[in-house]
Amino acid sequence: MTQFDAEPMYDVAEFASFELFSPDVDGTLWFFKDLLGMIETGRSGNSVYLRGWQDHYQHSLKVTYRETPGMGFAGWRAMSAQALDRRVAAIKETGRGIGWVEGEYGMGPAYEFSLPDGSVQRINWEVEYFKPAPSEISIVQNRVQRRPLSGVPIKALDHLNMMAKNVTTNKEFVAEVLGFKLSENIVTSANVEAGAWMRLQTRSHDVAFTKDATGEGGRLHHVAFLFGNSQHLNDAADVLTDHGLEIEAGPAHHGISQAEFLYVFEPGGNRIELVGTLGYDIHDPSWQPITWRQDNLETAIVWYGSPLPPEFDTYGTPNSIPTNYRTPNRYIQAEANQLFRK
Ligand code: FE
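Let me begin by describing the structure that accompanies this report. (Residues numbered from 1 in each chain as written. Predicted model: local features only at pLDDT ≥ 70, side-chain atom pairs only at ≥ 80, totals over all residues. Heavy atoms only, no water.)

## A closer look at the overall build of the chain
Counting its secondary structure elements, the chain contains 5 helices and 17 strands. Taking 342 residues into account, the globule formula puts the C-alpha radius of gyration at 20 Å, and the chain, at 19 Å, falls close to it. For the chain, the C-alpha atoms occupy an extent of roughly 55 × 45 × 40 Å along the three principal directions. The buried share of the chain, reckoned over its 342 residues, is 56%. As displayed, the chain offers around 14900 Å² of accessible surface, 49% of which is attributable to carbon and sulfur atoms. Within the chain, one finds 29 positive and 43 negative side-chain charges whose respective centroids are separated by 4 Å. (Helix = DSSP H or I, 4+ residues; strand = E, 2+ residues; numbered from the N terminus. Rg over C-alpha atoms; globule rule 2.2 N^0.38 Å. Buried < 20%, exposed > 50% of the residue type's maximum accessible area, 1.4 Å probe, protein only. Areas by Shrake-Rupley, 256 points an atom, 1.4 Å probe, with all protein chains shown as cover. Lys, Arg positive; Asp, Glu negative; His and termini not counted. Charge placed at Lys NZ, Arg CZ, Asp CG, Glu CD.)

This is the structure:
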């Protein structure tokens, strides 16, 4: 029996928050707020908290000043207080627990732990819901707030892709300990798992691990935000290029997940994915993972649209190895804000 034959577990509900390290907080904020319409909800120390207009909680993105870009933590919300207790106990048994973190803006206590590759994760239950000012309340009652007027506004945080030294080890950890289900994967001709796309509930994926061709592992490949609409993705491509940002690839369609994507480097150097239309959902409880192999790999990566550049497999953040990549920062340098550089 493998972990995928076990009784399915739904103790973890969603990808709820993410901390992004940026050496250029001003540039990163300009990118997310002015160009992509995210809303600033708070500041604390060297961090700024943001959310998309359809994100329900006080924040989904925390931008923190660091000399090198990368991820701080990925935050997962448990299904209930009891589910959180169960997952924390299971994490502690693996020996990968770090400890409780309290006092995060808009979040209750979170338990911090690390994945086999070392990246930091958090799981929590209590959250503070965003309450719009009276002038921002939408007449459409199921909207969290009115659609913003700045840039091409993304709706919400979507998913996370981490570069792994060993995809299988990380996949098995999140499957066994957190209940992630495998939706699709890539297996090379040498029988090495080069990518795994995994879900919590019915979305095609909430997290992905892709093989780090440099062998480093534990790095951020990309964090993704959702438009949910092809036209908005094309509008964003227009706005981003018009403001000097470098689009790495897209808009195009992945075979895996069938999602419509665009990859762009934000001014801090991190790769950000913007998702137009999501591809498909999985409601089948006995879904058999789709395995893509060498003979069909190009379709898996890009179903239609231009292929991805070779650096897609090697560039992640932090990026300590030399890369042939042109420059992930061809943007107009924002003025240094001393507040974030102390
Ligand atoms: Fe992605």
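Let's pick the thread back up.
## A word on helix H3 (residues 167-178)
For H3, built from 12 residues, the straight-helix expectation of 16 Å at 1.5 Å per residue is met to within 8% by its first-to-last C-alpha distance of 16 Å. Turning to H3, its buried residues number three or more, namely Val167, Asn170, Lys171, Phe173, Val174, Ala175, Val177 and Leu178. Backbone nitrogen of Thr168 and a side-chain oxygen of the N-cap are separated by 3.0 Å at the start of H3; the cap is Asn166. Taken from the residues just after H3, Gly179 is the one with a positive phi, measuring 90°. (Expected span 1.5 Å × (residues − 1). Polar contact = N/O pair within 3.5 Å; in protein donor to acceptor, adjacent residues only side chain to side chain.)

## Section: the packing of aromatic side chains
A full pass over the atoms with the stated rule returns 13 aromatic pairs. A centroid spacing of 4.9 Å and a plane angle of 85° characterise the contact between Phe31 and Phe32, whose relative ring orientation is edge-to-face. Each of the two residues, Phe31 as well as Phe32, counts as buried. Each ring, one from Phe265 and one from Tyr315, has its centre 5.1 Å from the other, and the planes form 85°; the classification is edge-to-face. Within this pair, whereas Phe265 is found in strand E15 (residues 260-265), its partner Tyr315 is found in the segment after helix H5 (297-301), the two being separated by 50 residues in sequence. In this pair, the class of Phe265 matches that of Tyr315, namely buried. Taken together, the aromatic side chains of Phe15, Phe18, Trp76 and Phe180 make up a single cluster linked through ring pairs. (Phe/Tyr/Trp six-rings, centres within 6.5 Å; stacked < 30°, edge-to-face > 60°.)

## Remarks on the sheet that holds strand E16 (residues 271-275)
Pairing is mixed across the open sheet formed by 9 strands, whose spatial order is E14-E15-E16-E13-E9-E12-E11-E10-E17. Of all the strands in the sheet, just strand E14 (247-253) and strand E17 (290-293) have a single pairing partner and so form its edges. Across the sheet, the mean angle separating the axes of adjacent strands is 15° when strand polarity is ignored. Taken together, the 4 bridges between strand E11 (residues 193-199) and strand E12 (residues 207-211) define a ladder with antiparallel strand orientation. Following the sheet pairing, Trp197 is matched in E12 by Ala208. Against the sheet, H3 touches strand E9 (156-164), strand E10 (181-187), E11 and E12, its axis set at about 20° to E11. (Pairing = 2+ DSSP bridges. Axes fitted to C-alpha atoms, helices over the stretch in contact; angles between N-to-C directions. Contact = heavy atoms within 4.5 Å.)

## Comments concerning the environment of Ala252
One can find Ala252 in strand E14. The class of Ala252 is buried, set by a relative accessible area of 4%. Distance in space between the C-alpha atoms of Ala252 and Leu262 is 6.8 Å, their sequence separation being 10 residues.

## A word on the sheet that holds strand E1 (residues 12-22)
If you trace the 8 strands from one edge of the open sheet to the other, you get E2-E3-E4-E1-E5-E8-E7-E6, paired in mixed fashion. Of all strands in the sheet, those bounded by a partner on one side alone are strand E2 (39-44) and strand E6 (97-101). Pairs of neighbouring strands in the sheet enclose a mean axial angle of 25°, with direction left out of account. Pairing between strand E3 (residues 47-51) and strand E4 (residues 61-65): 4 bridges, direction antiparallel. Each bridged residue has a counterpart across the sheet, and for Leu50 the counterpart in E4 is Leu61.

## A short note on the environment of Ile272
You can see Ile272 is positioned in strand E16. For Ile272, a relative accessible area of 0% corresponds to the buried category. Between the C-alpha atoms of Ile272 and His222, which are 50 residues apart in sequence, the distance is 5.2 Å. Those residues within four positions of Ile272 in sequence are excluded, and the remaining contacts are Leu20, Phe31, Phe32, Val223, Phe225, Leu262, Tyr263, Val264 and Glu266.

## Details of unusual backbone geometry
Apart from glycine, the bulk of residues carry a negative phi angle, and the bulk of peptide bonds sit in the trans form. At the junction of Gly250 and Pro251, the peptide bond is cis and its omega measures out at 0° in the coordinates. For the peptide bond that leads from Thr317 to Pro318, omega is 0°, which places it in the cis range. Inspection of the secondary structure puts Pro318 in the segment after H5. Its identity is not glycine, yet Asn191 carries a phi of approximately 65°, on the positive side. For Asn191, a relative accessible area of 60% corresponds to the exposed category. The backbone phi angle of Gln258 is positive, close to 60°, even though this residue is not glycine. Since its relative accessible area comes to 36%, Gln258 is described here as partly exposed.

The analysis is restricted to geometry; functional conclusions fall outside its scope.
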